Every structure is written in structure tokens, then in C-alpha cells.
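# Coordinates in review
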Amino acid sequence: MPLASGFGSSWTTYHGNAEASGVDAAQIKLRPSRRAWTSSILDGELYGEPLVADGRVVAATENDTVYVMAAHSGRILWSRHLARAVPSGDLPCGDISPEVGITGTPVIDLQRHEIFVDADTLISGPSASGGVEASHRLFGLDLFTGKVELDEKAMPSAGEDQLAQLQRPGLALDHGFVVIAYGQNSGDCPGPNGPAHGYVVSIPEKGGRLHYFQIGSGRDRGAVWMGGSSPVVDPHGNVYVASADGYDLGAGQSYDDSDAVLELSPTMHLKSIFYPKDWQELSADDLDLGTGDPVLVHGVVFQVGKTDTGYLLRQGRLGGEEGEVASLSVCSGDPDGGHAVQGSVVYVPCPNGVTAIKVSTKAPHLKQLWTDSDGAAGPPIIADGLVWTIGGDNAVHGLNPATGKDVVSIPFGGYANHFPTPSVGDGLLLLPGTDQVLAFMGPAGRPPPPPAPPAK
């Protein structure tokens, strides 16, 4: 069972819950905000969102190391280096350096007190084709001690070049399974040792048979990357993801599940799918539909990608090529990463500024309410009555959800990761820096020290 800790709130997965709504259900007061602590420099860069559970803050680095820090002080309670990360120079392409290890946000099972991470690991020695090899592995770690409780292969291995695969999306939990999504390194390059497809995988938390769905045909691409956002899990355990480009297959060729919204069963069987009528052109022009996560809103699904077209779809009946209920031009540029949603309003991380879209099951189905004029554009969350987002000005902004106007702006220094997003837990606003975690506290001050582990 979860332990009572601090102000009693956790943030255990990307954007806080299974549906990745980005809402702090505890609504802890964060204003006025002041710096609580900055962690020591960690051993690699941070691309995932900080997590919070049982008075502890969790972060994972590109050096394949997991850190757990005390929420009240930032002091490192333990760290666990899991494997040798893959040097960037050994990859066929990509834009993470100097190494690639744990990129996607971990996930925590509060009942098991266990952290799950997907680690890209270097296999010693050359492959049969003459190059190095990489392997993605799922690790489960005890939250209190760092003890490794699970170490499983995390991708289908037959004919797949894991050196070309990037595990960018956050991990999710689905009724005893860990859900992991994969795509290619930046640049969509083919691997030197074989094809690299998009995959969505589910693995039992206790270990066991791996279930998977492959996106694409016998060739590369079809990534699920979603700007780092996690697969979305509905109350029935169905998993929603959005895919990126496949190949331009030409007239008369069969559709390959790329540039789509997909609904999968917990065991990774395709239940329904939506893809735009111009899917071939999208693939040919690198106009990914899957730059962010599908948003579930009152029985419908909202999705927007590089074309700036936001689509409204029927949840559970995505409808294939004819599934569009409504559409709206949303962003002037590429929206990357997770959305936030509260009630019937979706907050989209448009590059020209977070944009609020009203969603309705009745016409007009989609209506733009506002766009932040100051350009605060990172994947947003909702806490203390504001929409929080990290801007390109080295500050985190709290926006008025009714108008988009800045209510608070907190400078915090530089960051280097792509699509950074804040989190909230145990009374703290947490930000991923380049290689440090930064914590801000509200008027209640710091949380108390973390509780001791439960007796075995």
C-alpha cells in the first residue's frame, strides 16, 4: 500500500495518471513559489519527467542510472547504475549525446513500491554483421533500496535492430503490465543490422511473456515517440498511442498503420484505428501525426500533429480513414509532447504558445479559446488553478486557464532536454534541468522527511 507522506500527493507516471491528463488532483498551493532545493549534478542528462512517491523524488539519466532523492531536501537516498549506456557515436543517427540510456519517463507502482525503467544498453562485442549491438531491457527497482527486482528483455528481438531504436515515450501501467512504446532515433535512420519499426509492448510487472504490436510492414519507421508523452490507458485497460511516418509506399500500396491513432487491447491487439485520408502525403513529407499523445475527453479523442490539424474522433470506435468527427487548425508549427486536459478543455503545447481548445460532442465540436502570447510552449500540466509550462526563456510559467495570461513566471536556469515538462508532488513543483532536478515549494514550505519503508 502507498505510505502516507508529506502533503499526501504522488506523481507516479508521465503527466500524473493513466490517462496522462496532467492534473494535480491534490491541488496543493504552490503560490507564492520559492526555491526548495536543487539536486546535486547527476551522472547523465535528464529527458524524462521527475516522479514523486512516498516522500521520494525519482529521476533517471541517459547514463542508465536511477536516482531517488528525499522530497524535503533533495538529498540522494540511493542511486543504481543498471548497465552501460550506448555511446552516441555507435548509433546510426540521433540527437542525444554523449550517450543514450534511459530516455522515457519511468513509472512507479505504488502498491508494489517499485520503479520501472526501460534502459538502452550496450552489448559488448560486435554483432555478426560487424557492428556493435544494443538491447532494450525493462528493470524493476525497489523504491526504498534500489534493489533490482526485475530484469527482462523489453523488445521483440527477431530481425529487429535495437541499435536504431529509441525508447522516447514515458512508460505506463495497465492492470499488472508495463506498457512501453518505441520508435527510431531522430532522423528516422535505418539500422546497420536490420529494420527498426515502431512497437508498443506490454510486459507483466512480475516478468513473463512479452506482448507487442508492430507498426509498419517489413520496412523501417512507423515510430511511436509522441514527444516523450506516455501511452494513454483508459479505465478498461485499452491503450491509446499515436504513430509517426511510415514510408511513402506509392499508389496502390496497402496502409501500414503509420500516422495514426491506435487503440490496442491490454495484450496489444488492434481494436480500432484512425488515419487521415492523406496519410501517404504525410509520410512522404515527414508530417507526423503522432507528435503528442491522444487526449481522451468525455468519450471522444483529440489528436494533433505536424500538419497543425486537430482531429476529433470517437473513443473506442476510431473509424479508420472515415473516422474524423471534426477538425480544426490548431497550431502554427509542430506541437510536441503531452497535453493537459481538465473538464472539456485541452491545453496543447503549440510552439507559438500553449493553446486552449474547447472540445464538445455537439457542434461546434472544436473551438480555440486562446493562445499564450508570451510563447510559453512546453508540455503543460495543471496545478494550483494554473496551467504550468516550461518556456524557452529558462523559466516555468503559470498561466491563467481562462485567458492564457501569465500569472507567475519563475526563472530557473538552463535546460538541454527536448520537450521538458514539470510535475507536482508532495507539495513541490519539480522541473527537469539538464542534469539536475529543481524543486520549488509553496506557502506551506517543505514537506516532512520521507517515511521509513514498510516492515517486510
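All of the points below concern the structure found in this document.

## Focus: the packing of aromatic side chains
- Under the criterion given, the structure shown has six aromatic pairs.
- When the ring of Tyr-255 is compared with that of Trp-279, the centres are 4.9 Å apart and the planes differ by 75°; the resulting orientation is edge-to-face. Of this pair, Tyr-255 sits in the loop between β18 (239-242) and β19 (261-264) while Trp-279 sits in helix α1 (residues 279-284), and the two are 24 residues apart along the sequence. Residues Tyr-255 and Trp-279 agree in their burial class; the two are buried.
- Aromatic side chains Tyr-347 and Trp-370 sit 5.9 Å apart centroid to centroid with 40° between the ring planes, which places their arrangement in the tilted category. In this pair, Tyr-347 sits in strand β26 (residues 345-348) while Trp-370 sits in strand β28 (residues 366-371), placing the two residues 23 residues apart along the sequence.
- Note on Tyr-347: relative accessible area 4%, which makes it buried.
- The structure contains a cluster of three or more aromatic residues connected by ring pairs, namely Tyr-255, Tyr-275 and Trp-279.

## Considerations on the pattern of salt bridges
- Counted according to the given criterion, the structure contains eight salt bridges.
- For Asp-286, the salt bridge goes to Lys-306, with nearest N and O atoms at 3.5 Å. Of the two residues, Asp-286 sits in the loop between α1 and β21 (295-297) while Lys-306 sits in the loop between β22 (300-304) and β23 (309-314), which places them 20 residues apart along the sequence.
- With a relative accessible area of 35%, Asp-286 lands in the partly exposed category.
- Assessed through its relative accessible area of 21%, Lys-306 is described here as partly exposed.

## Some words on the nonpolar core
- Ranked by size, the top nonpolar core spans 48 residues in total, and within it Trp-37, Val-66, Ile-115 and Trp-388 carry the most contacts.
- Sort the elements by how many residues they give to this core and strand β35 (residues 437-441) lands first, with five residues.

## Quick word on the side chain of Asp-288
- Mapping Asp-288 onto the fold places it in the loop between α1 and β21.
- By relative accessible area, Asp-288 is classed as buried at 6%.
- One polar contact links Asp-288 to Trp-225, side chain to side chain, over a distance of 3.2 Å.
- Not counting residues up to four positions away in its chain, the partners in contact with Asp-288 are Trp-225, Ala-244, Asp-245, Asp-259, Gly-305 and Lys-306.

## Remarks on the sheet that holds strand β3 (residues 56-60)
- Strands sit in the order β2-β3-β4-β5 across an open sheet of four strands; the sheet is antiparallel. Edge positions in the sheet fall to β2 (51-53) and β5 (76-81), since each of these pairs with one other strand and no more. Between one strand axis and the next, the sheet turns by 20° as a mean value, whatever way the strands run.

## Regarding the sheet that holds strand β20 (residues 270-274)
- The strand order β17-β18-β19-β20 describes an open sheet built from four strands, whose pairing is antiparallel. Every interior strand has two partners, whereas the edge strands, β17 (232-233) and β20, have only one.
- For β19 and β20, the ladder comprises four bridges, and the chain directions are antiparallel. Note that in β20 the partner of Leu-262 across the bridge is Ile-273.

## What about the environment of Gln-165?
- In this structure, Gln-165 sits in strand β12 (residues 165-166).
- Look at Gln-165 and you get buried, because its relative accessible area is 0%.
- Taking the C-alpha atoms as reference points, Gln-165 and Val-200, separated by 35 residues in sequence, lie 12 Å from one another.

## Section: the pairing of β35
- Across the five residues of β35, five count as buried, placing the element largely inside the fold.
- Of the two faces of β35, the one carrying Val-437, Ala-439 and Met-441 and the one carrying Leu-438 and Phe-440 are both buried.
- Direction of pairing for strand β1 (residues 34-38) relative to β35: antiparallel, over a ladder of four bridges. Among the inter-strand pairings, Trp-37 is bridged to a residue of β35, identified as Ala-439.
- In this antiparallel pair of consecutive strands, strand β34 (residues 428-432) and β35, the connection spans four residues.

About the thresholds
Residues numbered from 1 in each chain as written. Predicted model: local features only at pLDDT ≥ 70, side-chain atom pairs only at ≥ 80, totals over all residues. Heavy atoms only, no water. Phe/Tyr/Trp six-rings, centres within 6.5 Å; stacked < 30°, edge-to-face > 60°. Helix = DSSP H or I, 4+ residues; strand = E, 2+ residues; numbered from the N terminus. Buried < 20%, exposed > 50% of the residue type's maximum accessible area, 1.4 Å probe, protein only. Salt bridge = Lys/Arg side-chain N within 4 Å of Asp/Glu carboxyl O. Core = buried A, V, L, I, M, F, W, Y, C linked by side-chain atoms within 4.5 Å. Polar contact = N/O pair within 3.5 Å; in protein donor to acceptor, adjacent residues only side chain to side chain. Contact = heavy atoms within 4.5 Å. Pairing = 2+ DSSP bridges. Axes fitted to C-alpha atoms, helices over the stretch in contact; angles between N-to-C directions.

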